[in-house]
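Descriptive structure summary
Next come the chains, spelled out residue by residue.
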Amino acid sequence: TNNRKMIDTQLRELKVLICSGNIGNTEPTATGMAQWLPHDGDAASIVANTKYPRKSFTEEGSSLSHDDKFDIIVIGMQEATFYTEKDERVSNCDSLISDDEEASDEERNDTSPSRKRSNDKKASSNVYAHVANTYRSVMATEDHMQQKAHEYGQDTRLLKDLVSHQCPSHKFVVDTLRGEMRLMILVRRELVGEIEDVEVKGVNTGIGSVLANKGGIVAFLTIRRTRFCFLTAHLEAHEGRSHYLARCANLANIFSGARESNTRLDATLSAHHCFVCGDLNFRLNLPMDNHEDRHKRVCQLITEKKWRKLAAYDELQDAITKAHCLAEFRMLQCNFPPTFKVTKGLKEFVYNPKRIPSYTDRILWKSAPGLKDNVKPFLFEPCADFDTSDHKPIRGGFMIITNSGKETKMPAQRSFNVRSSITNLLSTQSTSCRRSFESNVKVYHLTLS
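These remarks concern the structure in this document. From a predicted model like this one, the values you see are computed outputs, not experimental measurements.

1. So, the pairing of strand S3 (residues 170-178)
Judged from the eight bridges that link them, S3 and strand S4 (residues 181-188) form a sheet pairing that is antiparallel. Paired with aspartate 175 across the bridge in S4 is methionine 184. Between the antiparallel neighbours S3 and S4 lie two residues, among them glycine 179 with a positive phi of about 65°.

2. Observations regarding the pattern of salt bridges
Enumeration over the complete set of coordinates arrives at 16 salt bridges. Between aspartate 68 and lysine 15 there is a salt bridge, and its shortest N-O distance comes to 3.9 Å. With a gap of 53 residues between them, aspartate 68 in the loop between helix H4 (55-59) and strand S2 (72-78) and lysine 15 in strand S1 (residues 13-22) connect regions that are remote in the sequence. Residues aspartate 68 and lysine 15 agree in their burial class; the two are buried.

3. A look at helix H9 (residues 241-257)
Side chains three or four residues apart in an α-helix point the same way, a direct result of the helix having 3.6 residues per turn. Between its terminal C-alpha atoms H9 stretches 24 Å, which fits the 24 Å expected from 17 residues at 1.5 Å a residue. Those residues of H9 that fall on the buried side of the exposure criterion are Tyr244, Ala246, Arg247, Cys248, Ala249, Asn250, Leu251, Ala252, Ile254 and Phe255.

4. Observations concerning helix H10 (residues 291-303)
With 13 residues, H10 extends 18 Å from end C-alpha to end C-alpha; this agrees with the ideal 18 Å at 1.5 Å per step. Within H10, burial applies to Arg294, His295, Val298, Leu301 and Ile302. For H10, the angular spread of the buried residues around the axis is 130°, confining them to a single face. Facing away from the buried surface of H10 by more than 90 degrees, the exposed residues are Glu292, Lys296 and Thr303.

5. A look at the packing of aromatic side chains
What the rule picks out here adds up to 12 aromatic pairs. Arranged with centres 5.7 Å apart and planes meeting at 5°, the rings of phenylalanine 228 and phenylalanine 230 form a pair that is stacked. Of the residues examined, phenylalanine 228 reaches a relative accessible area of 0% and is grouped as buried. Both rings, one in phenylalanine 230 and one in phenylalanine 275, keep their centres 5.8 Å apart while their planes meet at 25°; by these two values the pair is stacked. Remark: phenylalanine 275 occurs in strand S8 (residues 273-279) and phenylalanine 230 occurs in strand S7 (residues 226-234); sequence separation between them is 45 residues. Phenylalanine 275 matches phenylalanine 230 in its accessibility class, with the two residues each being buried. Of the aromatic side chains, those joined through ring pairs into one cluster are Phe228, Phe230, Phe275, Trp365 and Phe398. The positively charged end of lysine 160 is found above the aromatic ring belonging to phenylalanine 172, 4.9 Å away from the centroid. Lying across the ring of phenylalanine 282, arginine 247 places its NZ or CZ 5.3 Å from the centre.

6. Quick notes on unusual backbone geometry
For the bond running from phenylalanine 340 to lysine 341, omega is -5°, close enough to zero to count as cis. Along the chain, the position of lysine 341 falls in the loop between helix H12 (315-321) and strand S9 (361-367). With phi around 45°, glutamate 79 is a residue other than glycine that occupies positive phi space. Along the chain, glutamate 79 turns up in the loop between S2 and helix H5 (98-102). Taking relative accessible area as the criterion, glutamate 79 reaches 23% and is therefore assigned partly exposed.

7. Observations concerning the sheet that holds S9
The strand order S5-S6-S7-S8-S9 describes an open sheet built from five strands, whose pairing is mixed. Where the open sheet ends on each side, the last strands, each with one partner, are strand S5 (196-204) and S9. Strand-to-strand, the axes of this sheet are offset by a mean angle of 15°, without reference to chain direction. Across seven bridges, S5 lies against strand S6 (residues 215-223) in antiparallel orientation.

Cut-offs and rules
Residues numbered from 1 in each chain as written. Predicted model: local features only at pLDDT ≥ 70, side-chain atom pairs only at ≥ 80, totals over all residues. Heavy atoms only, no water. Pairing = 2+ DSSP bridges. Helix = DSSP H or I, 4+ residues; strand = E, 2+ residues; numbered from the N terminus. Salt bridge = Lys/Arg side-chain N within 4 Å of Asp/Glu carboxyl O. Buried < 20%, exposed > 50% of the residue type's maximum accessible area, 1.4 Å probe, protein only. Expected span 1.5 Å × (residues − 1). Arc of directions from axis to C-beta. Phe/Tyr/Trp six-rings, centres within 6.5 Å; stacked < 30°, edge-to-face > 60°. Lys NZ or Arg CZ within 6 Å of the ring centre and 35° of its normal. Axes fitted to C-alpha atoms, helices over the stretch in contact; angles between N-to-C directions.

This is how it looks when you write it as structure tokens:
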């Protein structure tokens, strides 16, 4: 009986890899992508070689066989547009004089017609890059979400080629660009036929809730009678209370705005399992007035590997505890150095003194009532060798028991704890309103037929 139960569980299991990274609007290298995405979805090797093992996974008696591969790979990227050499544009278009600054004195003093034509062409190319990038950010409405690669430039094609090279046994089921955000979902080829009801939504939360430099992309899909929701987001940046509240409001707007068709439920409630990843931009908030003192203290804790003490200053953990956002979502403690803001070009964690090192890049999840124990995390780590951004990308591995073979109703037909959904929406309201809600509302259940 026990053997049959174990075999049944293994047949219903899916191994899901969640990858999240802020690319920094810079073309990643093939080596960097190979460090982030395991070759051919190899789950066993990255677990065996991780510097940050999850002891709870092995303590529960769970393990991976030597040939285990990820069944689903989810890749969320932010600031993921750039200009390649094939575009005949410079990738660094922040300043029209950036290339002249790197030129020699002789080249700068060259006033020949050929030099002037070269400079004019370079300046025109930079201006074009600015305009093209701005257009993509502004025009990222739902009507523009699933453009083909050739319609959006060589960066999309290059990224897809890099991902395809790393994952030859997987096939894209979602490949979406929205402004500077991307969401890719790949499934093992032998499982593609089991994927049903794929739907992609998106919400902009940039300036005026119009620009798509900030916001989220949400994808829904069903496999083995199990509805999944995958959200990648890029929330408001910067330190301070007002920016913290804006991030909470960003999440509420994304969840309420990216609903599935034909449902009134927000994205947190319309799936059996909901995963959130992205550059959420929550910071380490130390009770010190002086920036240099805060930076020094954080770096000291990093050197000493005092991960639990760092977690005590985590804005995101505080937000979840106080139900300011992501109510009832779970996340693993970051037992590794903060992923932001690091020095580009280095495979180590060297931090910019102008920013407090923080865990801005995160992965969270939430399951419908009765399914909480069906998700077992077994991997959570940064990828330090990815060195072309001021963020280090992260990845998380999950073993998920699906509803295959069970008479499990879809979430919209289940009994739900509505408190978390209402709390997420209340994150845009005043503190007094939230406190009133928390003090008066116990636990309500809503049954939808």
